[in-house]
Amino acid sequence: MFKPTVGPIIGHTTPHHARIFLRGESGNAPVFAGLRYRRSGELRWSSGVFSQLTKRRDMCDVMILNQLAANTAYEYQAGWFSPTSPVHTVESIRELPLHWPREIYRFSTHSGSTAVPRGYIVGSCRYLRMTAGVPSLPHRGDRIFASINDLAQRSTTPINALMMTGDQVYIDDLNIIAPDREYKEILSKYRTAFSQPHIARLMSGIPTYMILDDHEIEDNWPANKGRHDDHLYNNAIAAYELYQASHSPAHELLADGRINHRLERYWYQFANGDIEWFVTDSRTRRNLTAGNRRILDEEQEHALCNWLIHSPARVKFVVTSVMFYPDRRKLGEDAWKGFPEQRLRLLETIRTHRVKNVFFVCGDVHGSLTSRLTHSEDPHFEVHTIVSSPLCNSRLLPYARTSTFMLDQPLARTPAGEYRHQLTSAVISQDNFAHLLVESGQLRVTYHDRCGRPVQTLSITLR
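Report follows, based on the coordinates. (Residues numbered from 1 in each chain as written. Predicted model: local features only at pLDDT ≥ 70, side-chain atom pairs only at ≥ 80, totals over all residues. Heavy atoms only, no water.)

### Observations regarding the sheet that holds strand β21 (residues 432-438)
At step 1: Taken in spatial order, the six strands line up as β12-β11-β8-β21-β22-β23 in an open sheet, and their pairing is mixed. Each edge of the sheet is formed by a strand with only one pairing partner; in this case those strands are β12 (208-210) and β23 (454-461). Averaged over all pairs of adjacent strands, the angle between their axes in this sheet comes to 20°, without regard to strand direction.
At step 2: Where strand β11 (residues 159-164) meets β12, three bridges bridge the pair, whose relative direction is parallel. (Pairing = 2+ DSSP bridges. Helix = DSSP H or I, 4+ residues; strand = E, 2+ residues; numbered from the N terminus. Axes fitted to C-alpha atoms, helices over the stretch in contact; angles between N-to-C directions.)

Spelled out as structure tokens, the structure:
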């Protein structure tokens, strides 16, 4: 067996279930992916889990592990191979004497308890410029993941998830000079971006959740969509579904425990004990018509509001790849600033139903910050934003600064009062990632620079 050409990537993980993405390589004979696992400390491996890889899916698949033990450390090996006989099937290869790759990967299932602290890493906007299919200075785009790996190893509270909130790849990094529009070119970018050594090591051991933003397609999509961009969109979204959405909870499980490859939507939910996440698709379901502007489609807005009102979660994280607030002074119409009616409906839902401990987790702006939103006439209302961006900036793109944002006026005015916001941190204008630690009475947010050094730490009291 050979090592995966991309992956393995640990995707959606629960106390009893894990999804593991990997890619093989095409050949003249059938190609199969294989995986085996065991509890850490045990000698005996499980029976192999196998899948046949196809060119139609770029030799990728997601392996499903069910009936795992909760709060348990596991080891696994993964790879791909082509048997000498072309008549083999997934059932028949189980009897073959296989030589597994030597590398052993590790992951842990979650605890179902509501009484344990939870840790998360949040980041966005990882720029890895590609020229003629070759990354320029790839160590720059991969360096910060070495720091995240180090933090994960040192943290006394396990990292439950890596939440990547958009622009994991820049399909349009050379959009003016030599735009990538063809499926083959876009797939090449994904393979290169996700196979760099430090990010590959990180994603092989920590459950990784992703959602797209504009650069997975084109800058400021769909506002900048041209007449001939349907071809680009179809290719970009097909690659996104293979490499990012495939291992997410957006895919339902079938009754036999296998993954349903049909994908109805990109937004999804997941939970760790009494902490829940709602990951929105704030990019592909937009309606830009003047009479019904929406950044989330009607179905998604309804599901989000229903979750906010009825979920018993102690802490609720809402991921939106673009800024929820504060608004940018310039170029802010691509974010929630351009959809004020829908934003106000969400805020009013939270306020009128007195939903507590709601945090909007965002990226996109190439600057990191936290901010608190209150209401002039309702002392019970409080919402926070946590922004983490970028993981790796381009030298051609500016960092956000405090002056970037509109901080001198209310976010919204209604007959019931004003929504007022203020920064609760400095604006961090360098490559960084956020470490979130949810404890019994507080959420601690620590921003780290690309070398892993803490830049700023703050605590938000939970209510």
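### Some details on the packing of helix α5 (residues 298-310) against helix α6 (residues 340-352)
At step 1: It is the contact of α5 with α6, at a shortest axis distance of 10 Å, that shows an interaxial angle of 20°. Classified by the angle between their axes, α5 and α6 sit roughly parallel to one another. Two packed elements cross with a definite hand, and for α5 against α6 that hand is right-handed. Across the interface between the two elements, E301, L304, C305, L308 and I309 of α5 pack against Q342, R345, L346, T349 and I350 of α6.
At step 2: Its residues assigned to classes, the contact of α5 with α6 shows six nonpolar, two polar and two charged. (Parallel < 35°, antiparallel > 145°, perpendicular 65-115°, else oblique. Left-handed = near helix turned anticlockwise from the far one by under 90°. Contact = heavy atoms within 4.5 Å. Nonpolar A, V, L, I, M, F, W, Y, C, P; charged D, E, K, R; others polar.)

### Let's talk about the sheet that holds strand β2 (residues 17-23)
At step 1: Strand order in the open sheet formed by three strands is β1-β2-β5, and the pairing between neighbours is antiparallel. The open sheet terminates on both sides in strands that have one partner only, identified here as β1 (6-13) and β5 (60-66). Adjacent strand axes in the sheet meet at a mean angle of 20° when their direction is disregarded.
At step 2: In this sheet, β5 lies alongside β2 in antiparallel orientation, the contact comprising seven bridges. Note that in β5 the partner of A18 across the bridge is L65.

### Topic: the pattern of salt bridges
At step 1: Scanning all chains against the criterion turns up 30 salt bridges.
At step 2: Between R126 and D142 there is a salt bridge whose closest N-O contact spans 3.9 Å. On the criterion of sequence distance, the pair formed by R126 in the loop between β8 (118-123) and β9 (130-131) and D142 in helix α1 (residues 138-154) is long-range, its members being 16 residues apart. As far as the burial class goes, R126 and D142 line up, both buried.
At step 3: When the shortest N-O distance is used, the salt bridge between E301 and R294 registers 2.6 Å.
At step 4: Classification of E301 as buried rests on a relative accessible area of 8%.
At step 5: R294 gets classed as buried once you look at its relative accessible area, which sits at 13%.
At step 6: By sharing partners, the salt bridges in this structure join R23, E25, D58 and R191 into a single network. (Salt bridge = Lys/Arg side-chain N within 4 Å of Asp/Glu carboxyl O. Buried < 20%, exposed > 50% of the residue type's maximum accessible area, 1.4 Å probe, protein only.)

### Quick look at the side chain of T208
At step 1: Mapped onto the elements, T208 comes out in strand β12.
At step 2: Residue classification places T208 among the buried residues on the basis of a relative accessible area of 0%.
At step 3: Within the structure, the side chain of T208 is placed 2.9 Å from the backbone oxygen of I206, a separation counted as a polar contact.
At step 4: Those residues in contact with T208, other than ones at most four positions away along the chain, are I9, I10, G11, L162, M164, M203 and H247. (Polar contact = N/O pair within 3.5 Å; in protein donor to acceptor, adjacent residues only side chain to side chain.)

### Quick look at the packing of aromatic side chains
At step 1: Scanning all chains against the criterion turns up 28 aromatic pairs.
At step 2: Seen in terms of ring centroids, F50 and F81 are 6.4 Å apart; in terms of plane orientation they differ by 85°. Their pairing is edge-to-face. Here the residue F50 occupies a position in strand β4 (residues 49-53), and F81 occupies one in strand β6 (residues 73-81), the gap between them amounting to 31 residues.
At step 3: Overall, F81 belongs to the buried group, its relative accessible area being 7%.
At step 4: Between F324 and F360, the ring centres sit 3.8 Å apart and the planes meet at 5°, which makes this aromatic pair stacked. In this pair, F324 sits in the loop between β15 (315-319) and α6 while F360 sits in strand β16 (residues 358-362), placing the two residues 36 residues apart along the sequence. Residues F324 and F360 agree in their burial class; the two are buried. (Phe/Tyr/Trp six-rings, centres within 6.5 Å; stacked < 30°, edge-to-face > 60°.)

### Topic: the nonpolar core
Generally speaking, nonpolar side chains in soluble globular proteins are found buried as a group.
At step 1: Within the largest apolar cluster, 72 residues are counted, with the highest numbers of intra-cluster contacts made by F194, W277, F317 and L436.
At step 2: Counting residues per element, this core draws most heavily on helix α4 (residues 230-245), which supplies eight residues.
At step 3: Not counting the four nearest positions on each side in its chain, F194 is found in contact with V6, I9, Q168, V169, I199, A200, M203, M210, Y243 and Q244.
At step 4: The next biggest cluster of nonpolar side chains, apart from the first, holds 36 residues, and it includes L296, V383, F405 and Y419. (Core = buried A, V, L, I, M, F, W, Y, C linked by side-chain atoms within 4.5 Å.)

These figures come from the coordinates and say nothing about function on their own.
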